[in-house]
Amino acid sequence: MTGTTPRRRPSRAVYRRRRLVVLLIALLVIAGVVWLLVAQPWAVAATDSSEKPDPGQTQSTAESLPVPSGQATTGGTETGAVEGAVVEGATPTPGATPAALPCVASEITVEAVTSADTYAGDQNPQFSISLTNNGADCTLNVGTTAQSFTVTSGDDVWWRSTDCQSEPSDMVVLIAAGQTVSSAAPLTWDRTRSAVGTCADGNRPLAPGGGASYHLSVEIGGIASTEPKQFLLY
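Q: What should I look at first to understand the pairing of strand E5 (residues 138–141) in this one?
A: Put simply, side chains in a regular strand alternate between the two faces of the sheet. Relative to E5, strand E1 (residues 101–102) runs parallel, the two being bridged by two bridges. Across the sheet, the residue bridging to Pro 102 is Thr 139, located in E5. The pairing of E5 with strand E8 (residues 172–175) spans four bridges and is antiparallel. Note that in E8 the partner of Leu 140 across the bridge is Val 173.

If you want it as structure tokens, here you go:
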């Protein structure tokens, strides 16, 4: 009777090689998972494919407002203001996309501010803007392109800050709910009548004094001050 040949068991060397192969495969799988968690290539791809932001706009939290620069003055001090037209005290984060929506005009209160109520003959009025967010967090262009200061006496417009403004720029910032921000520095009026084309003139008409009444109105981000601020010139 013919007997069956017993199957030979693999040698210990073969077992060791098989175990080594299995161990190497497991190590490669673990290393691949760790690399994916650390490198996150999908995040890099999403960042690279995102739309580049407008370099003229910076998203940051507002602490104060930039001030228009390059005002032509003949008797007063030329006010320029925050260098680079950035918001003083804020840390710009170029490229960040704000989660907040644009501000709603009805939820923003804008106030015209003067450094005094009356000015002697040798004093030049100084103006500022104050705005308060009465709604939720929102974004607003508070740059010098979005600001204007206007001085009137009755129906007569004596001075506009935009007539002789130089190098205006945009600055979109986050205004927190309930936050109030003001100009980083005041803007000085030299008490002369402004007009486009007369910015370099040294003989522009002086505003009458002697207790004459004037009113300051301001606008920022397309939102006008609720009411003009009165002041007197002597």
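Moving on, there is more to tell.
Q: I'm lost on the sheet that holds E8 in this one. Help?
A: Two strands in a sheet stick together by hydrogen bonds in their backbones, pointing the same way (parallel) or opposite ways (antiparallel). Pairing within the open sheet is mixed, and its three strands lie in the order E1-E5-E8. If you trace the sheet from one side to the other, it starts and ends with E1 and E8, each paired once.

Q: Please clarify how a positive patch on the surface should be interpreted in this entry.
A: Side chains of Arg 12, Arg 16, Arg 17 and Arg 18 sit close together on the surface and give a patch of like positive charge. By relative accessible area, Arg 17 is classed as exposed at 51%.

Q: In this structure, what is going on with the nonpolar core? I would like to understand it.
A: What tends to happen in soluble globular proteins is that the nonpolar side chains get buried as a cluster. Residues Leu 131, Val 151, Trp 189 and Phe 231 are the most contacted members of the largest nonpolar core, which totals 31 residues. For this core, the leading source of residues is strand E11 (residues 212–220), giving four residues.

Q: Help me understand the pairing of strand E6 (residues 147–153), please; the structure alone is not making it clear to me.
A: A large share of E6 lies buried, amounting to six of its seven residues. In the sheet, E6 pairs with E11 via six bridges, with the strands oriented antiparallel. When the sheet's bridge partners are listed, Ser 148 is paired in E11 with Glu 219. Relative to strand E7 (residues 156–160), E6 is paired through four bridges, and the arrangement is antiparallel. Bridged to Ser 153 within E7 is Asp 156. Counting the residues between successive antiparallel strands, the hairpin from E6 to E7 contains two residues, one of them, Gly 154, with a positive phi of roughly 65°.

Q: For this particular structure, what's the right way to read the state of the cysteines?
A: In protein structure, a disulfide is the covalent linkage between the sulfur atoms of two cysteines. What the rule picks out here adds up to two disulfides. The connectivity of the disulfides in the protein chain is 1-2, 3-4, where the numbers refer to bonded cysteines in sequence order.

Q: Explanation requested: the environment of Phe 231 in the structure shown.
A: You can see Phe 231 is positioned in strand E13 (residues 229–233). Residue classification places Phe 231 among the buried residues on the basis of a relative accessible area of 0%. Put simply, Phe 231 and Pro 125 are 106 residues apart on the chain and 8.8 Å apart in space, counted from C-alpha to C-alpha.

Q: Would you mind going over the pattern of salt bridges with me for this structure?
A: Any two side chains of opposite charge can pair, given that their charged atoms come close. One pass over the full model with this rule turns up three salt bridges. Measuring nitrogen to oxygen at the nearest pair gives 2.7 Å for the salt bridge that ties Lys 229 to Asp 117. Of the two residues, Lys 229 is situated in strand E13 and Asp 117 in the loop between strand E2 (108–114) and strand E3 (118–119); the sequence distance between them amounts to 112 residues.

Criteria and cut-off values
- Residues numbered from 1 in each chain as written.
- Predicted model: local features only at pLDDT ≥ 70, side-chain atom pairs only at ≥ 80, totals over all residues.
- Heavy atoms only, no water.
- Pairing = 2+ DSSP bridges.
- Helix = DSSP H or I, 4+ residues; strand = E, 2+ residues; numbered from the N terminus.
- Patch = residues over 30% accessible without salt bridge, like charges linked within 9 Å, V, L, I, M, F, W, Y side chains within 5 Å.
- Areas by Shrake-Rupley, 256 points an atom, 1.4 Å probe, with all protein chains shown as cover.
- Salt bridge = Lys/Arg side-chain N within 4 Å of Asp/Glu carboxyl O.
- Lys, Arg positive; Asp, Glu negative; His and termini not counted.
- Charge placed at Lys NZ, Arg CZ, Asp CG, Glu CD.
- Buried < 20%, exposed > 50% of the residue type's maximum accessible area, 1.4 Å probe, protein only.
- Core = buried A, V, L, I, M, F, W, Y, C linked by side-chain atoms within 4.5 Å.
- Disulfide = S-S within 2.5 Å.

On their own, these measurements won't tell you what the molecule is for.
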